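# Structure assessment
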Amino acid sequence: PQYRGAFPNFWKILKNDDVYGVTVTKMEEKIDSGAIVLIQEEDFSSEVFSGEFFRKNYELAGRTLVKALELLRDSSFRLQPVDQLQSRYYRKFTANDMVLDPQDHVGHLYKKINRLQFYGNPVIENLHLTAAELLLEQEMDITGFEIIPASPTTSILKNKTGILLLKHRSV
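We now turn to the structure provided with this report. Everything quoted here is computed from the prediction, not taken from an experiment.

Reading the values: the criteria
- Residues numbered from 1 in each chain as written.
- Predicted model: local features only at pLDDT ≥ 70, side-chain atom pairs only at ≥ 80, totals over all residues.
- Heavy atoms only, no water.
- Salt bridge = Lys/Arg side-chain N within 4 Å of Asp/Glu carboxyl O.
- Helix = DSSP H or I, 4+ residues; strand = E, 2+ residues; numbered from the N terminus.
- Buried < 20%, exposed > 50% of the residue type's maximum accessible area, 1.4 Å probe, protein only.
- Polar contact = N/O pair within 3.5 Å; in protein donor to acceptor, adjacent residues only side chain to side chain.
- Contact = heavy atoms within 4.5 Å.
- Core = buried A, V, L, I, M, F, W, Y, C linked by side-chain atoms within 4.5 Å.
- Pairing = 2+ DSSP bridges.
- Axes fitted to C-alpha atoms, helices over the stretch in contact; angles between N-to-C directions.
- Expected span 1.5 Å × (residues − 1).

### Looking at the pattern of salt bridges
- Counted by the stated rule, this structure contains 12 salt bridges.
- A salt bridge links Glu-42 to Arg-63, with the nearest nitrogen and oxygen atoms 2.4 Å apart. Of this pair, Glu-42 sits in strand S3 (residues 36-43) while Arg-63 sits in helix H2 (residues 50-73), placing them 21 residues apart in sequence.
- Assessed through its relative accessible area of 30%, Glu-42 is described here as partly exposed.
- With a relative accessible area of 45%, Arg-63 lands in the partly exposed category.

Structure (structure tokens):
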């Protein structure tokens, strides 16, 4: 319920949120405004790669819907109103939203790059990224960041938090 709109997972990925969930609501004309039937959440911190990440998300959605339908059969069950003050409506993302900060923590970048593949290729310094591998996560004596080409489709990103291998489209 904190992430209302058509693309809540996209915005959660960008905010480094590892707790993902499903909210089943009563249908209303305005999106995500109906009373809440059920909320289920899971920690997805170990799910990095887009395919597995979204498969588990959809499985959670299926289990939650079945449980919500069971709750609605109970005549004593009451819906919960949506707290509009505790949530925000997120717009559809644009290409600009896919541009990542190369000075972000390498652990966050690793997850963002791999999870965002579902939506397209994120970009760092004009590199259209197809995957990332976390090579080293530790504080380094470096100011800013450095991107070192390794091949036409791979580069090394070094910043103050570690080192990533970036896989990208040919430059």
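### Structural notes on the side chain of Thr-161
- Structurally, Thr-161 can be placed in the loop between strand S8 (154-159) and strand S9 (162-168).
- In terms of polar contacts, Thr-161 uses its side chain to reach the side chain of Asn-159, at 2.7 Å.
- For Thr-161, the residues in contact, after removing those within four places along its chain, are Asp-104, His-105, Val-106, Leu-136, Glu-137, Gln-138 and Glu-139.

### Re the side chain of Asp-18
- Along the chain, the position of Asp-18 falls in the loop between helix H1 (8-14) and strand S2 (19-25).
- On the basis of relative accessible area, Asp-18 is assigned to the buried category, the value being 18%.
- Among the polar contacts listed, one links the side chain of Asp-18 to the side chain of Arg-115, at a separation of 3.1 Å.
- Those residues within four positions of Asp-18 in sequence are excluded, and the remaining contacts are Glu-42, Asp-43, Phe-44, Ser-45, Lys-111 and Arg-115.

### Comments concerning the nonpolar core
- Counting 33 residues, the largest nonpolar core has Phe-10, Ile-113, Leu-116, Tyr-119, Leu-164 and Leu-166 as the members making the most contacts within it.
- The contact partners of Leu-164, leaving out residues within four places of it in the chain, are Val-106, Leu-109, Tyr-110, Ile-113, Ala-132, Glu-133, Leu-134, Leu-135, Ser-155, Ile-156 and Leu-157.

### So, the sheet that holds S8
- Spatial strand order, S5-S6-S9-S8-S7: five strands in an open sheet with antiparallel pairing. What marks the edges here is a single partner per strand, and that holds for strand S5 (123-124) and strand S7 (145-151).
- Note that S8 and S9 share six bridges and pair antiparallel. Looking across to S9, one finds that Leu-157 is bridged to Leu-164.
- The sheet contacts of helix H3 (residues 106-115) involve S5, strand S6 (127-137), S8 and S9, and relative to S6 the element is tilted by about 145°.

### Comments concerning H2
- If you check H2, its first and last C-alpha atoms are 35 Å apart, about what 24 residues at 1.5 Å a residue would give, namely 34 Å.
- Buried residues of H2: Ser-50, Phe-53, Phe-54, Asn-57, Leu-60, Thr-64 and Ala-68, and no others.
- Looking at the packing, one finds that the buried side of H2 touches H1, S2, S3 and H3.

Interpretation note: all reported values are geometric properties and have no functional meaning in isolation.
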